[in-house]
Number of protein chains: 2
Amino acid sequence: MSLPPVFVLARPQMGENIGAAARAMANFGITDLRLVAPRDGWPNPSALAMSSGALDHITVSVFDTLTDALHDVHYAFATTARPRDMVKPVVTPRQAAEETAQRDGQRTAFVFGAERTGLENDEVSQCHAIITAPTSPDFSSLNLGQGVLMVAYELFMALQSDIPAPAPKQDNPPATQEEFDNLFHRLEQALDDGGFFREESLRPKVTRNLRSPLLRAGLTSQEIKTLHGALRALINPRT
Amino acid sequence: MSLPPVFVLARPQMGENIGAAARAMANFGITDLRLVAPRDGWPNPSALAMSSGALDHITVSVFDTLTDALHDVHYAFATTARPRDMVKPVVTPRQAAEETAQRDGQRTAFVFGAERTGLENDEVSQCHAIITAPTSPDFSSLNLGQGVLMVAYELFMALQSDIPAPAPKQDNPPATQEEFDNLFHRLEQALDDGGFFREESLRPKVTRNLRSPLLRAGLTSQEIKTLHGALRALINPRT
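Draft legend 1. Region of the structure containing the overall build of chain A. Helix and strand counts for chain A stand at 9 helices and 7 strands. Relative to the 2.2 N^0.38 estimate, which gives 18 Å for 239 residues, the radius of gyration of chain A is 29 Å and therefore markedly larger than a compact globule would have. With the C-alpha coordinates of chain A rotated into their principal frame, the extents come out at 85 × 40 × 40 Å. Counting only residues that meet the buried cut, chain A has 49% of its 239 residues in that class. A fraction of 84% describes how many contacts in chain A between residues 6 or more apart in sequence connect residues 24 or more apart. In the form shown here, chain A has an accessible surface area of approximately 11,700 Å², with 51% of it arising from carbon and sulfur atoms.

Draft legend 2. Examining helix H6 (residues 144-159) of chain B more closely. Residue and element names in this part refer to chain B. Relative to the 22 Å expected for 16 residues at 1.5 Å per residue, H6 spans 22 Å between its end C-alpha atoms, a close match to the ideal helical length. Extensive coverage of H6 is indicated by the burial of 14 of its 16 residues. At the N-terminal boundary of H6, the capping side chain belongs to Asn143, with an oxygen 3.3 Å from the backbone nitrogen of Gly145.

Draft legend 3. Up close: the interface of chain B and chain A. With 63 residues of chain B at the contact, the number on the chain A side is 61 residues. For the chain B and chain A pair, buried surface summed over both sides reaches about 5,300 Å², with 63% attributable to carbon and sulfur atoms. The largest per-residue losses of area from chain B upon contact with chain A belong to Asn27(B), Phe139(B) and Leu234(B), which jointly make up 13% of the total buried on that side. Linking chain B to chain A there are 4 salt bridges. Across the pair Glu154(A) and Arg94(B) runs a salt bridge, and its minimum N-O distance is 2.7 Å. Applying the counting criterion to the chain B and chain A interface returns 16 residue pairs in polar contact (both at pLDDT 80 or more). Looking at the side of chain B that touches chain A, the elements with two or more residues in it are helix H1 (15-27), helix H4 (93-102), H6, helix H7 (177-193), helix H8 (203-216) and helix H9 (221-235) of chain B. No other element matches H9(B), which puts 8 residues into the side of chain B that touches chain A. Looking at the side of chain B that touches chain A, its residues break down into 32 nonpolar, 20 polar and 11 charged.

Draft legend 4. Structural detail: the sheet that holds strand S7 (residues 129-131) of chain B. Residue and element names in this part refer to chain B. Ordered in space as S3-S2-S1-S6-S4-S7-S5, the 7 strands form an open sheet in which the pairing is parallel. At either margin of the open sheet sits one strand with a lone partner, and together these are strand S3 (59-63) and strand S5 (90-91). Bridge analysis of strand S4 (residues 75-79) against S7 gives 3 bridges, and the strand direction is parallel. The partner of Thr79 across the bridge, within S7, is Ile131.

Draft legend 5. Local environment of empty space enclosed by the protein. Under the counting rule described, the total for this entry stands at 2 cavities of 30 Å³ or more. The volume enclosed by the largest cavity comes to roughly 340 Å³. If you go around the largest cavity, you meet 16 residues; those closest to its centre are Leu187(A), Leu227(A), Leu187(B), Leu227(B) and Leu234(B). Among the elements of the structure, helix H7 (177-193), helix H8 (203-216) and helix H9 (221-235) of chain A together with H7, H8 and H9 of chain B are those that each provide at least two residues to the lining of the largest cavity. Among the residues making up the lining of the largest cavity, the classes are represented as 16 nonpolar, no polar and no charged. Approximately 30 Å³ is the volume found for the second largest cavity. Considering each element in turn, the lining of the second largest cavity owes the most residues, 3 residues, to H8(A). Classifying every residue of the lining of the second largest cavity by side-chain character gives 7 nonpolar, no polar and no charged.

Draft legend 6. Inspection of the packing of aromatic side chains at higher detail. Evaluation of the coordinates by the stated rule reveals 17 aromatic pairs over all chains. With a centroid separation of 6.5 Å and an interplanar angle of 80°, the aromatic rings of Tyr153(A) and Tyr153(B) are classed as edge-to-face. Taken together, the residues Tyr153(A) in helix H6 (residues 144-159) and Tyr153(B) in helix H6 connect one chain to another. Each member of the pair, Tyr153(A) as well as Tyr153(B), carries the same accessibility label: buried. Seen from their ring centres, Phe77(B) and Phe110(B) are 5.3 Å apart, and the 15° between their planes marks the pair as stacked. Of this pair, Phe77(B) sits in strand S4 while Phe110(B) sits in strand S6 (residues 108-112), placing them 33 residues apart in sequence. For Phe77(B), a relative accessible area of 0% puts it in the buried group. Here Phe110(B) falls in the buried class, since its relative accessible area comes to 1%.

Draft legend 7. Structural context of the sheet that holds strand S5 (residues 90-91) of chain A. Residues and elements named next belong to chain A. Spatially, 7 strands are ordered S3-S2-S1-S6-S4-S7-S5 in an open sheet, and the strand pairing comes out parallel. Where the open sheet ends on each side, the last strands, each with one partner, are strand S3 (59-63) and S5. In terms of strand pairing, strand S2 (residues 32-36) meets S3 through 5 bridges, oriented parallel. Paired with Leu35 across the strands is Val62, a residue of S3. Sheet strands in contact with helix H1 (residues 15-27) are strand S1 (6-10) and S2, and its direction is about 160° off that of S2.

Draft legend 8. Highlighting the pairing of S2(A). Residue and element names in this part refer to chain A. Buried residues dominate S2, accounting for 5 of its 5 residues. Of the two faces of S2, the one carrying Asp32, Arg34 and Val36 and the one carrying Leu33 and Leu35 are both buried. Strand direction decides the pairing type here: S1 and S2, joined by 5 bridges, are parallel. The residue bridging Phe7 from the neighbouring strand is Leu33, located in S2. Between S1 and its parallel partner S2, the chain crosses via H1, and the hand of that crossover is right-handed. Of the crossover connections in this fold, the one passing from S2 over helix H2 (residues 45-50) to the parallel S3 is right-handed.

Draft legend 9. Quick look at the confidence of the model for chain A. All names here are of chain A. On average, residues of chain A score 89 in pLDDT, and 93% of them are at 70 or above. Per-residue pLDDT stays below 50 along residues 162-169; that stretch engages in 6 contacts with residues further than four places along the chain or on separate chains. Two summary scores accompany this predicted model of the complex, namely pTM at 0.84 and ipTM at 0.81.

Analysis parameters
- Residues numbered from 1 in each chain as written.
- Chains lettered and ligands numbered in written order.
- Predicted model: local features only at pLDDT ≥ 70, side-chain atom pairs only at ≥ 80, totals over all residues.
- Heavy atoms only, no water.
- Helix = DSSP H or I, 4+ residues; strand = E, 2+ residues; numbered from the N terminus.
- Rg over C-alpha atoms; globule rule 2.2 N^0.38 Å.
- Buried < 20%, exposed > 50% of the residue type's maximum accessible area, 1.4 Å probe, protein only.
- Contact = heavy atoms within 4.5 Å.
- Areas by Shrake-Rupley, 256 points an atom, 1.4 Å probe, with all protein chains shown as cover.
- Expected span 1.5 Å × (residues − 1).
- Polar contact = N/O pair within 3.5 Å; in protein donor to acceptor, adjacent residues only side chain to side chain.
- Buried area = accessible area lost by both parts, 1.4 Å probe.
- Salt bridge = Lys/Arg side-chain N within 4 Å of Asp/Glu carboxyl O.
- Nonpolar A, V, L, I, M, F, W, Y, C, P; charged D, E, K, R; others polar.
- Pairing = 2+ DSSP bridges.
- 1 Å grid on protein atoms, 1.4 Å probe; cavity = no way out; pocket = protein on both sides within 12 Å on 5 of 7 lines; lining within 4 Å.
- Points joined across faces, edges and corners; volume = space filled by probe spheres on them.
- Phe/Tyr/Trp six-rings, centres within 6.5 Å; stacked < 30°, edge-to-face > 60°.
- Axes fitted to C-alpha atoms, helices over the stretch in contact; angles between N-to-C directions.
- Right-handed = clockwise from strand over helix to strand, strands pointing away.
- pLDDT = per-residue confidence, 0-100.

So, in structure tokens, the structure goes:
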């Protein structure tokens, strides 16, 4: 198992962006935030306001340099839209997340640069690989919070060995085939009475065309009851 | 190939959130934004300011109702953290994006609810499936812009994929939401005439219980025609 990942913000300026980053991290269970030389110091009231309570779920530590912030890290990704003149692996957030999940016993860091200016060459050079976010060639304007969100989301997806599929509510047990057939035969009978099957030779095909979508719906017992009631109202209106 | 996806914001309140949603969409090349009854009207200066120019890359249209906004849509996902008491498929953003890429010739919509309150039951009931974002159980506080970003990002990843999806048979094109609504309204009217809705207060819930399985069936245009014929035979039997 990999050690919990670390997010590093290098020289962040606006407290709001730190708060948005913290919120994105907490949503995806990432709790180790490291700030390198935040312009307005720390703690920061604007960050607190923007975080919607996320800072209660996160440990924030402050460092003077990126080197210090990465002291216990085994592998670091620099996030930058512009690969520099350095020979490093360039990966997508998804690839980076998958690699991270496979780094058994290792701590991985994700380093985000200052707003507007991004990471400096010296900062990128301290990282092992580069993450470039895939975006539309027509418009590529991810802000810090959005970039953190994408990476945090992909980490969450990759680190959850088995993402618990949101359990569908089972208050509604599916109908048995017998319940379905009872409903369908009643419908067929009512249609027959109403002169629906104009050509007897087409009856099997038309019946199939009706049965098929109703079967596909995967009706519950409760829905079968509702449909019985609806059919009754259509056949015998209370005038 | 699937038709370009549509993002629908139902009753959005803050212009800033519309702008953030537009920015997230444009980053991932999604250009069809539909607003249902935006609180502050449209155009909205706050949205423009927040969008960082994204609105130049996006077509925004405004509708009175969700039904209108979905008129040419074949399949709609409701984004909600809380699956309701309705039996619908529940998927992650990734699964939804992969399904969308495979809906050859179809238009898929992603419906996002109002800030704080989210989607109403009636709005969810007009959608075929539910997207629930996987987030940390300890902190789950995605805002509108973040939710839009996750879905837009996954769509970009899935639609960019070089792997051609297996083409589904297109002998039976799926119905548009408008075709479905026409059928459903006719059924509802007939049930009303038949005295089906005994308690007016229960009408919305009962209507949802009928709509939900029919939506799940994923009806084709041909099946809608057959069902129109069946309904006619039930209401006006040729005795």
